[in-house]
Amino acid sequence: MNAKVFGVELTDELRGIVREPTALFFSIVMPVAFFALFVSLFGKFSSGGLSAGTTMVATFGAFGVVSVVLMNPGIGVAADRERGWLRAKQVSAVPIGVTLAAKVIAALPYAAGVLLAMTATAAATGALDAPVPALLRILAVLMVGALPFALLSLAIGFQTGAGAATAVLNAILIPSAVLSGLWMPLEIMPAFFGDVAPFLPTYHLAQLALAQLTGAPVLTHVLVLLGTTIVAAALAAVSYRHARS
Amino acid sequence: METVLEVRGARHNYGATPALAGVDLDVGAGECVALLGPNGAGKTTLVNLVVGLLPAKEGRVRVCGGDPRLASTRRRLGVVQQSLGFPNTLKVVELVTGAAVRAGMPRSAAGPVMAELDLTDLAGRRAAKLSGGQRQRLQLAMALVADPRLLVLDEPTAGLDVPARKRFWQLLVERRARGTGVLVTTHLIEESSAVADRVVVLNHGRVLASGTPDELVARLPDRTVIARTALGRDRLAVLPGVVSVRNDGEHVHLGTRTPEALLRVLLAEDPGLSDLRVEGAGLEEAVAGLIERGAA
Ligand SMILES: Nc1ncnc2c1ncn2[C@@H]1O[C@H](COP(=O)(O)OP(=O)(O)OP(=O)(O)O)[C@@H](O)[C@H]1O
Ligand SMILES: [Mg+2]
């Protein structure tokens, strides 16, 4: 029963993306354009045996994924509420968990789109030198690691208007990205950034992705991201139940 | 009769604005209850409590014995909401089929309901692009396809043309005969009185009166004086024996128990009075009278 319901919920979400592909396109263009700029400037530098273009697939990739899954689901549900459609979902017999799961899974095409575009860009500039299995692991880590950010996005979207959601989510995204070293490595930033970074889930996502190249230990990052997912899921569920209609 | 909706002592405030001040309401299986009242009376607020959109902070709301805030309880509910918007990316047939699956019905349930509501030709259209009345029919189809135990309809007739409205009341009668309980808000009081088993009049968040349409009519003015007059509403309201004043554009409708005395005064006050008739009062006059009396 719930599998069928999940099926129609997910199908509806995916139809929303396929039938209005401009939103998908433009939300991918911005982070990828940034990435192209950075990678063409710094991509050939190397440290610790890895080219910057390669590590950037992990760090800037984390930024790309977080930016699309943090913005899109939240703005989408905020627009649904303004349109008066969210109320129809809220009175339906669909359990909260199923609705949220469908919305979060429907954010993954955004994540996949941005990662593929970035990887292709890095390869095109000749700055990419990593074994294919490691690259695939990075992609997998970033896709799965995107989930808590999609949930956080929903939690905010259920409470704000579409315009406010854009502003609030950007206000979370940009500082987290900079402080976590997603744009530029923490080594070249003020020391203060490095002190703050470990408190941000974005940092742990990037480190987890990097670890696929360096073989660094991953347990802390995995635990932090798991914890974030649980907290974000609870926030999203409470926010949905108390969404203003 | 099995109770499909039970509301006890429901209250709700929006910030400092009181919207419901302690409402009791029951709907039985196979019973149709019309919830009437002027704009801002609290009808939609009550509906939102019943369908689980608002939490019942005070009082108790039970749908088929369950809390409507729980998804499992809402399996029993079919809802038409006031001013619902549809997404631009979904088609009519997808929405009705989706509503069937979400309610645990087979996908094939969608076809017959769409035919019943004259939506078959619109199946492939994007929902957001429909006209107001078409959207209303779509909402109704999504509610009916769930084969609910309780139908909650907030102004379902808004924007419907005359044939669609007839069809709508007919559908309610059919569903009621199959044991579905119905709670319907509407401003089409006369139309609802033909179908409603019971009428509940709400004003300022309170139940002013409740009973069969005949009972309510009997409690209030039994004659309506209809005329074209130059006299203003304020003047008319204070004429002797006037219980209610309603304006339908060209004519005024005055509810009264003493039509003869009223006619004498009217003719004296307005020599230009024309198109005069006296009719038995209907539910509309009765409700208008109740609300006016309740407000006084
Ligand atoms: N979201 C809200 N925030 C603040 N006040 C509200 C809100 N919704 C309704 N109200 C107020 O609560 C009261 C009851 O409103 P409600 O929508 O329940 O009336 P109604 O009987 O459905 O009216 P109508 O016939 O116009 O649909 C009104 O005074 C209204 O202004
Ligand atoms: Mg209303």
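Residues numbered from 1 in each chain as written. Chains lettered and ligands numbered in written order. Predicted model: local features only at pLDDT ≥ 70, side-chain atom pairs only at ≥ 80, totals over all residues. Heavy atoms only, no water.

Remarks on the overall build of chain A
Each helix and strand in chain A was counted, giving 12 helices and 2 strands. Ordering the α and β elements of chain A from the N terminus gives α-α-β-β-α-α-α-α-α-α-α-α-α-α. Within chain A, buried positions represent 52% of all 245 residues. For chain A, long-range pairs separated by at least 24 residues make up 80% of all intrachain contacts whose partners lie at least 6 apart in sequence. Averaging the locations of the 12 positively and 9 negatively charged side chains of chain A gives two centres separated by 10 Å. (Helix = DSSP H or I, 4+ residues; strand = E, 2+ residues; numbered from the N terminus. Buried < 20%, exposed > 50% of the residue type's maximum accessible area, 1.4 Å probe, protein only. Contact = heavy atoms within 4.5 Å. Lys, Arg positive; Asp, Glu negative; His and termini not counted. Charge placed at Lys NZ, Arg CZ, Asp CG, Glu CD.)

Remarks on the UniProt feature "transmembrane region" (unreviewed entry) in chain A
Residues and elements named next belong to chain A. Those residues carrying the UniProt feature "transmembrane region" (unreviewed entry) are residues 23-43, 55-79, 100-128, 134-155, 167-186 and 218-240 in this numbering. The distance separating the terminal C-alpha atoms of residues 23-43 is 29 Å; by composition the span is 95% helix and 0% strand. Split by type, residues 55-79 is 100% helix and 0% strand. Its first and last C-alpha atoms lie 36 Å apart. (UniProt positions renumbered as here; feature names shortened; annotations may be inferred.)

With respect to the sheet that holds strand β2 (residues 17-28) of chain B
Residues and elements named next belong to chain B. What the 3 strands build is an open sheet, ordered β2-β1-β4; its pairing is antiparallel. With partners counted over all chains shown, the strands left at the sheet margins are β2 and β4 (58-63), one partner each. The average angle at which neighbouring strand axes cross in this sheet is 15°, direction not considered. Here strand β1 (residues 3-14) pairs with β4 via 5 bridges, running antiparallel. Paired with Glu6 across the two strands is Arg62, which belongs to β4. Where helix α1 (residues 43-50) meets the sheet, it contacts β1, β2 and β4, and its direction lies at approximately 120° from that of β1. (Pairing = 2+ DSSP bridges. Axes fitted to C-alpha atoms, helices over the stretch in contact; angles between N-to-C directions.)

So, the side chain of Ser153 of chain A
Residue and element names in this part refer to chain A. Residue placement: Ser153 occurs in helix α8 (residues 147-157). A residue is classified by how much of its surface remains accessible, and Ser153, at 0% relative accessible area, is buried. What Ser153 contacts, discounting residues up to four positions off in sequence, is Val69, Leu70, Met71, Pro73, Gly74 and Leu169.

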